[in-house]
Amino acid sequence: TLEHVAEAGTLGLTWIRGLDVNERFASAAQAERDGMDTVSLRGAGGLGVENLNLAFEYASQDKDSGTENAWYLEGSWTFAALPWTPTATYRYSRFSEAFDPLFYGLSRSYGTWFQGEVAANYAGPFNSNTRVHHVGLKAAPLENVTVGALYFDFDTLDTDLGNLGGRELDLYAEWMVNDHLMISPVVGFYQPERSAAEGGTQLGGDDTNLYSQLMFVTFF
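Residues numbered from 1 in each chain as written. Predicted model: local features only at pLDDT ≥ 70, side-chain atom pairs only at ≥ 80, totals over all residues. Heavy atoms only, no water.

### A closer look at the overall build of the protein chain
Quick reminder of the rule: Strands here are runs of E lasting at least two residues and helices are runs of H or I lasting at least four, both read from the DSSP assignment and numbered beginning at the N terminus. In this description the radius of gyration comes from C-alpha coordinates, and the expected globular size is given by 2.2 Å times residues to the power 0.38. Type-normalised accessible area, obtained with a 1.4 Å probe on protein chains alone, sets the label of each residue: buried when under 20%, exposed when over 50%, and partly exposed for intermediate values. Here, Shrake-Rupley sampling with a 1.4 Å probe gives the accessible areas, and only protein chains in the shown set may cover a residue. Counted charges follow a simple rule, with Lys and Arg positive, Asp and Glu negative, and His plus the chain ends left uncounted. Positions of charges follow a simple convention, taking NZ of Lys, CZ of Arg, CG of Asp or CD of Glu.
When helices and strands are counted, the protein chain shows two helices and 11 strands. Each helix and strand of the protein chain, placed in order from N terminus to C terminus, yields the pattern β-β-α-β-β-β-β-α-β-β-β-β-β. At 19 Å, the protein chain has a C-alpha radius of gyration in line with the 17 Å of a compact globule built from 220 residues. By residue count, 36% of the 220 residues in the protein chain fall in the buried class. Total accessible area on the protein chain is roughly 12700 Å²; 58% of this is exposed by carbon and sulfur atoms. Computed over 12 positive and 29 negative side-chain charges, the separation of the two mean positions in the protein chain equals 2 Å.

### Some details on a nonpolar patch on the surface
Rules: Patches draw on residues past 30% relative accessible area with no salt bridge. Two like charges within 9 Å are joined, as are two nonpolar side chains (Val, Leu, Ile, Met, Phe, Trp, Tyr) within 5 Å. We count a salt bridge whenever a side-chain nitrogen from Lys or Arg sits within 4 Å of a carboxyl oxygen from Asp or Glu.
Together, Leu-2, Leu-11, Leu-13, Trp-15, Val-39, Leu-41, Phe-56 and Leu-73 line one region of the surface with nonpolar side chains, adding up to about 770 Å² of accessible area. Listing elements by their share of the nonpolar patch, those giving two or more residues are β2 (9-17) and β3 (37-45). Its location among the elements puts Leu-2 in strand β1 (residues 2-6).

### Digging into the pairing of β1
In plain terms, the rule: Pairing between strands is defined by DSSP: at least two bridges between them are needed.
In terms of burial, β1 is largely open, as just zero of its five residues are buried. For β1 and β2, the ladder comprises five bridges, and the chain directions are antiparallel. In the sheet register, Ala-6 faces β2, and the bridge partner there is Gly-9. Between β1 and β2, which pair antiparallel and follow one another directly, the connecting turn spans two residues.

### Brief notes about the sheet that holds strand β11 (residues 209-218)
What counts, and what does not: Between N-to-C directions, angles cover 0 to 180 degrees, with each direction set by a line fitted to C-alpha atoms, over the stretch in contact for helices.
Across the sheet, which stays open at both edges, the 11 strands sit in the order β1-β2-β3-β4-β5-β6-β7-β8-β9-β10-β11 with antiparallel pairing between neighbours. The strands lining the two open edges of the sheet, one partner per strand, are β1 and β11. When the angles between neighbouring strand axes are averaged without regard to direction, this sheet yields 10°.

### Some points on the environment of Tyr-211
Note the following rule: A contact between two residues is defined here by any heavy atoms of the two lying within 4.5 Å. Polar contact is the term for a pair of N or O atoms within 3.5 Å; when the atoms are in protein, one must be able to donate a hydrogen and the other to accept it, and sequence-neighboring residues count only if both atoms are side-chain atoms.
With respect to the helices and strands, Tyr-211 occurs in strand β11. Since its relative accessible area comes to 13%, Tyr-211 is described here as buried. In contact with Tyr-211, not counting residues within four places along its chain, are Glu-117, Val-118, Asn-121, Tyr-122, Val-186, Val-187 and Gly-188. A polar contact is formed between the side chain of Tyr-211 and the side chain of Gln-213, at a distance of 2.4 Å.

### A word on the pattern of salt bridges
Under the counting rule described, the total for this entry stands at five salt bridges. A salt bridge links Arg-17 to Asp-37; the nearest nitrogen and oxygen atoms lie 2.8 Å apart. Taken together, the residues span a long stretch of sequence, with Arg-17 in strand β2 and Asp-37 in strand β3 at a distance of 20 residues. Of the charged contacts, one joins Asp-100 and Arg-33 as a salt bridge, the two residues approaching to 2.6 Å between their closest N and O atoms. In this pair, Asp-100 sits in the loop between β6 (87-95) and α2 (117-123) while Arg-33 sits in the loop between α1 (28-31) and β3, placing the two residues 67 residues apart along the sequence. We classify Arg-33 as partly exposed; its relative accessible area is 26%.

Structure representation (structure tokens):
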């Protein structure tokens, strides 16, 4: 990884090469990680504009079955003069049909690389074969409390590979009890376009899925 950090923002370049795969435990897609190269260019910053944050990333992936790619564009604005200092965000992301997301999980906060609490954990599309519209809003009613809402619209690129389109709304809070403990409740509403019988993943129908979780996070 190479990064240039300046007042206007950060520009980074990353190269990841897979060195080996334990084929005994790997799926067919995971087996391609042996010798696979992924290169990404990314940037983030406000370009010197207070309360503005822009971000982008483009990744190209070379593996035995061909070349894949993924990219996103994101913009957010913080309304510093309003009560609770709300921040609004919009992001568009696209992942080609067989893109391998590799290190898939929580990044900056809810709704970043890990898109949708229900979709990312259980229903898909798991950052592959999809394009995603995301709108987010968060605010800080107290110095140690953040509340937010996240909306995702998932649209499958190639439905012959399965149709994991859907929409999700997540409501969450983050309470920093002290320097070493955070408590975070989340409620998610997920509406798939297709049931498992119709090419999706949800068993028993395509009704709205209600999801809730309570996390206790310790910092060392």
